[in-house]
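So the chains spell out like this:
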Amino acid sequence: MAKVKKAKIQKCALNLNTSAINTWCPGCPNFLILTSFKNALCNLIETGYKKEDFVMITDIGCNGKIYDYVDISGFNTLHGRTIPTCFGIKCGNPKLKVIGFMGDGGAYNEGLSHFVNAGRYNSDMTVIVHNNQLFSLTAGQTSNVTEKGFVEKTHPFGLKEKPLNPIVLALEAGATFVARVSALDVAEMERVMKEAIKHKGFSLVEVMQPCIVFHNFSDFLKTSSYKVHEMPREEAIQEAKKWNYSHEGKIGLGIFHRRTEKTFEEKNLDWKK
Amino acid sequence: MRFNILIGGRAGQGINELATILARTLGKIGFYTFNYRDYGSLITGGHNFNIVCVSDKKVGSYDDNVDLVLSLDEKTLEIHKKRFTDKTIFVVNFQTNQKNSVYLAADRDKTENMAFATAVFKILELDKKHLLDEVKIRFAGKSLLAKDLDVIDHFYDKDFGYSIKLNHENTSKVVMNGAEAVSKGVIASDLDVYFAYPMTPSTTLLNYLAKEQDGNFFVYSPEDEIAVANAGLGASFAGARTMVGTSGGGFDLMTEAMSMQSITELPLVVYLAQRTGPSTGVPTYNSQQDLLVSLFGGHGEGSRVVVAPGSPKECIEKTNEAFYLAEKYGILSIVLSDKHIAESDFSFNEFKLKPLNIPKRKLMPGMSNLKFRTSSYEHNSKGDNTEVIEEINESFGKRLDKDKALEKEAKKFERYKVYGKGKNLIIGFGSTKGAILDTLDSLDARFLQILYLSPFPKEISSFIKSSKNVFVVEANASGQLAKVIAMNTGFVIDDKNKILKYDGRPFTPEEIIKEMAKRGVK
């Protein structure tokens, strides 16, 4: 099991658990993402958000299973289509607090054009990407953010292409809140998720989540990270370019950028009855 | 008596505008009018034309030959030669040796159209007041309005040397195209959200709805059709009454989401306007090639409503029914249109739709102390994903039961219509209706129009059994309606009895009569 960075894990007074049997691999950092998310939600509800206003939209893959593990409204949608589903929900009822969960395959492969457009729209939603840099539920194929040289059954001679840099992409596309966190740091995940959900506009939280079966980069995460602080967009883009999704050098974690800008709903949906 | 006016010229000359003004103004006077629009995939130049068919009786098509030609360019006289007879009159704005032609000598600017329109009014001995009124409304506030009105006055005083008196009823007709009619059905259904990505010929509806959205509903074009379909289901999940629109390849991109509709049971209405395929095909022309994909597009098994209106009145009614059934049964309703019905003008006597009482949602996210969960994964009644045999069977069974209830309720709507008298039977759906109806006086045949392709009116078997020979008239190459009939009734229509056309152009009554004659029916 990946070692959890020691931090106070606060107790949630509100029970957001479900009776579903959890089918993630024992020891998977997804459990930590789940804990952080429930804590973040609990905290937000305690400070005035309404539980019934939260909706979680989940993709296909291990991330999508979280749909069954949190006791709130939800829509487990298609592979790569979480973002347009979130967008539609906001158009249908702008009052809902919409949180999408996707894997790197859904966000950066199948749904890449939606990901880019989400930045452009600045629709008020939060997208949490479980980035294990691999398609894991289908038994370990490379995604658009797998490091060069990775060998698996469909790439027996190693991946020849370089990974995309989704943090740079999101910033370039106009995302107004961009963060990257480690799945091994529950307290920081909770803090950043809360900030992202509170943010008005499109917020991206990329969670670096080692797959303990097919792609375990836990040691790299634990030993080679540094904290980034919020900075203006252009600087954030330069900062994000410092790490290229290989497991070398240092990976910046934290909130890269946050700014206030009119949301899609404020610009387009002011007519709403 | 039917009188056909051909209006031809380059794209950008306002051919369609001129034809629309004529069709609508003549309709107001009391004529039945039909206005066919033909254009290629280009913005300016090329050759566009309309044919406006005017009559004192109901009309839903144009004829092979034309009586009056408004030729806005020289090419029109060349391209349409086959449509001309010895009696055809030509109005031109250039010097020509063409027999039976009148030279307008109008300014070659944007008011040229008004000179042509006025020529029609003068030749048909109609009061110019109707034209002036229409132009005043249509171009209110436009800089050229004053000159347009002067042009009408000036050319109305001109002697064209021809005059033709046509009969008409005295009650004004409403003239509109199928897309505008669908928009009226949509608005009557109290729409909340419409998503569509531009694609001919579905864009016409997008334009109408975008114009009408102020304060009542929201219209938006997201990044692609995949986003359109998934955002549509997202909006529906949020509780909004939602429609999405597309054509051909756009629908292909949506089919994964159509399949998700089946399992999530989120109400969704789809406007599918067909064009000539396969692939990019002939993008600005007509077809009925997407009947089967409208019924079956999407993996796995799920049922849906598919309605195919054949007139603006049916566009309004069937769209309203599509919303009703979608909302009541959590089902996918497809309004199957095509270029010909969406973009042709049809005339009819004014009627008032009594909108159906569409059920309101009982459960949606945001309701206090409640949760709403649904999934693309098979799920139990609480929305929990499942792979358990009993739960799979229960959920599937519930959807199958719902289909039965839907089928029962759909029977209260008009799912087919029978017209005319005769020993033989012509079956059709959608936009072929206009031309088929216009043949019935000349044929020993009834016309059976199928309005619901799903749930299919199986009771049409009785009409098949009581007819001597059964024919289909379809704008596709493989007789898709005949396949659907065979699937639902077991009756196989002989290949030689399939009258098919797949060149993108609509049937004319003469073509159908000729094809029927080849098959021994007169």
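Remember, it's a predicted structure, so these values are computed and weren't measured experimentally. (Residues numbered from 1 in each chain as written. Chains lettered and ligands numbered in written order. Predicted model: local features only at pLDDT ≥ 70, side-chain atom pairs only at ≥ 80, totals over all residues.)

## What about the overall build of chain B?
Scanning chain B from terminus to terminus reveals 17 helices and 21 strands. What you see for chain B is a C-alpha radius of gyration of 25 Å, in line with the 24 Å of a compact globule of 522 residues. If you line up chain B on its principal axes, its C-alpha atoms span 85 × 55 × 40 Å. Within the span of chain B, comprising 522 residues, buried residues form 51% of the whole. The long-range fraction of contacts in chain B, counting pairs at least 24 apart against all pairs at least 6 apart in sequence, stands at 73%. (Helix = DSSP H or I, 4+ residues; strand = E, 2+ residues; numbered from the N terminus. Rg over C-alpha atoms; globule rule 2.2 N^0.38 Å. Buried ≥ 20, exposed ≤ 12 C-beta atoms within 10 Å, placed from the backbone. Contact = placed C-beta atoms within 7 Å.)

## Some points on the pairing of strand β7 (residues 225-228) of chain A
Residues and elements named next belong to chain A. Strand direction decides the pairing type here: β7 and strand β8 (residues 251-258), joined by four bridges, are parallel. Looking at the pairing, Ser225 lines up with Ile251 of β8. This β-α-β element, β7 to helix α8 (residues 233-240) to β8, shows right-handed connectivity. (Pairing = 2+ DSSP bridges. Right-handed = clockwise from strand over helix to strand, strands pointing away.)

## Thoughts on the interface of chain A and chain B
Opposite the 31 residues of chain A that make contact, chain B presents 41 residues. Of all elements in the fold, only β2 (73-76), α2 (82-92) and α4 (112-121) of chain A reach the threshold of two or more residues within the side of chain A that touches chain B. The greatest single-element share of the side of chain A that touches chain B, amounting to eight residues, is contributed by α2(A). Of the residues that constitute the side of chain A that touches chain B, the class distribution is 14 nonpolar, 12 polar and five charged. Pairing of β2(A) with strand β15 (residues 373-375) of chain B, which is carried by three bridges, proceeds in the parallel orientation. Looking at the pairing, Gly74(A) lines up with Arg373(B) of β15(B). (Nonpolar A, V, L, I, M, F, W, Y, C, P; charged D, E, K, R; others polar.)

## Digging into the sheet that holds strand β11 (residues 268-274) of chain B
Residue and element names in this part refer to chain B. Across the sheet, which stays open at both edges, the seven strands sit in the order β9-β8-β10-β11-β13-β12-β19 with mixed pairing between neighbours. Strands at the two margins of the open sheet, each flanked by one partner only, are β9 (218-220) and β19 (452-454). Averaged over neighbouring strand pairs, the angle between their axes works out to 20 degrees when direction is ignored. Pairing of strand β10 (residues 242-246) with β11, which is carried by four bridges, proceeds in the parallel orientation. Along β11, the bridge assignment pairs Gly245 with Tyr271. Taken strand by strand, helix α11 (residues 312-329) contacts β11, β12 (304-307) and β13 (332-338), and its axis lies near 160 degrees from that of β13. (Axes fitted to C-alpha atoms, helices over the stretch in contact; angles between N-to-C directions.)

## Points about helix α6 (residues 178-188) of chain B
An α-helical turn contains 3.6 residues, so a residue and the one three or four places further along point in the same direction. Gly178(B), Ala179(B), Ala181(B), Val182(B), Ser183(B), Gly185(B) and Val186(B) are the residues of α6(B) that are buried. With its phi angle positive at about 60 degrees, Asp190(B) sits one or two positions after the end of α6(B).

## Thoughts on the domain arrangement of chain B
Accessible area lost upon the coming together of the parts serves often as the stated size of an interface. All names here are of chain B. Domain assignment breaks chain B into domain 1 (3-172), domain 2 (176-348) and domain 3 (416-518). With 26 residues of domain 2 at the contact, the number on the domain 3 side is 21 residues. For the side of domain 2 that touches domain 3, the secondary structure elements donating two or more residues are α10 (291-296), β12, α11, β13 and α12 (339-343). Top element by residues in the side of domain 2 that touches domain 3 is β12. It accounts for four residues. Looking at the side of domain 2 that touches domain 3 residue by residue, the classes come out as 13 nonpolar, nine polar and four charged. (Domains from an automatic or database assignment.)

## Details of the packing of α6(B) against helix α7 (residues 203-212) of chain B
Residue and element names in this part refer to chain B. At a minimum axis distance of 8 Å, the contact between α6 and α7 shows a crossing angle of 45 degrees. With respect to each other, α6 and α7 are oriented oblique. In this structure, α6 crosses over α7, and the sense of that crossing is right-handed. Between α6, through Ala179, Glu180, Val182, Ser183, Val186 and Ile187, and α7, the contact on the second element is made entirely by Thr204, Leu205, Tyr208, Leu209 and Glu212. Taken together, the residues that form the contact of α6 with α7 break down as seven nonpolar, two polar and two charged. (Parallel < 35°, antiparallel > 145°, perpendicular 65-115°, else oblique. Left-handed = near helix turned anticlockwise from the far one by under 90°.)

## Some details on the packing of helix α4 (residues 128-138) of chain B against helix α5 (residues 145-156) of chain B
Residues and elements named next belong to chain B. In contact at an axis separation of 10 Å, α4 and α5 are set at 170 degrees when each is read in the N-to-C sense. Relative to α5, α4 is oriented roughly antiparallel. As α4 packs across α5, the resulting crossing turns out to be right-handed. Facing α4, whose interface residues are Lys128, Leu131, Leu132 and Val135, α5 presents Asp148, Leu149, Ile152 and Tyr156. Class assignment of the residues belonging to the contact of α4 with α5 gives a composition of six nonpolar, no polar and two charged.

## Quick look at the environment of Gln288(B)
Residue and element names in this part refer to chain B. By secondary structure assignment, the location of Gln288 is in the loop between β11 and α10. By C-beta crowding, Gln288 is classed as buried, having 25 other C-beta atoms within 10 Å. Taking C-alpha positions, Gln288 is 16 Å from Ala179, a pair spaced 109 residues apart along the chain. With residues near it in sequence (within four places) discarded, Gln288 still touches Gln274, Asp338, Gly430, Glu474, Ala475, Asn476 and Gln480.

## Side note on helix α9 (residues 248-264) of chain B
Residues and elements named next belong to chain B. Over its 17 residues, α9 extends 24 Å from the first C-alpha to the last, a length consistent with the 24 Å expected when each residue adds 1.5 Å. In the structure, α9 departs most strongly from a straight axis at Thr255, where the bend amounts to approximately 45 degrees. Every buried residue belonging to α9 is among Gly248, Gly250, Phe251, Met254, Ala257, Met258, Met260, Gln261, Ser262 and Thr264, and all of these are buried. Buried residues in α9 make contact with α8 (225-237), β10, β11, α10, β13 and β15. With its phi angle positive at about 60 degrees, Glu265 sits one or two positions after the end of α9. (Expected span 1.5 Å × (residues − 1). Bend = angle between axes of the 7 residues up to and from the residue.)

## Section: unusual backbone geometry
Pro201(B) follows Thr200(B) through a cis peptide bond whose omega is 0 degrees. Here Pro201(B) lies in the loop between β8 (193-196) and α7. Of the consecutive residues Ser454(B) and Pro455(B), the connecting peptide bond is found in the cis state with omega at -10 degrees. In this fold, Pro455(B) is placed in the loop between β19 and α15 (461-465). Positive phi, normally seen in glycine, also occurs at Gln133(A), with a value near 55 degrees. Position of Gln133(A) relative to the elements: it lies in the loop between β4 (125-131) and α5 (166-173).

## Let's talk about the pairing of β8(A)
Each regular strand shows side chains that alternate between the opposite faces of the sheet. Of the strand pairs in this sheet, strand β5 (residues 177-182) of chain A and β8(A) are connected by four bridges, and their pairing is antiparallel. Note on β8(A): the bridge partner recorded for Arg180(A) is Gly254(A).

## A closer look at the environment of Asn230(B)
With respect to the helices and strands, the residue Asn230(B) is situated in helix α8. With 111 residues separating them in the primary sequence, Asn230(B) and Ile341(B) have C-alpha atoms 27 Å apart. Not counting residues up to four positions away in its chain, the partners in contact with Asn230(B) are Thr77(A), Leu78(A), Arg81(A), Pro84(A), Thr85(A), Gly88(A) and Ala257(B).

## Concerning the nonpolar core
Of all hydrophobic cores here, the largest spans 216 residues; its most connected members are Val178(A), Ala179(A), Leu204(A), Ile5(B), Leu22(B) and Leu453(B). In contact with Leu204(A), other than residues within four places in its own chain, are Val127(A), Val129(A), Ala170(A), Ala175(A), Phe177(A), Val178(A) and Ala179(A). (Core = buried A, V, L, I, M, F, W, Y, C linked by C-beta atoms within 7 Å.)

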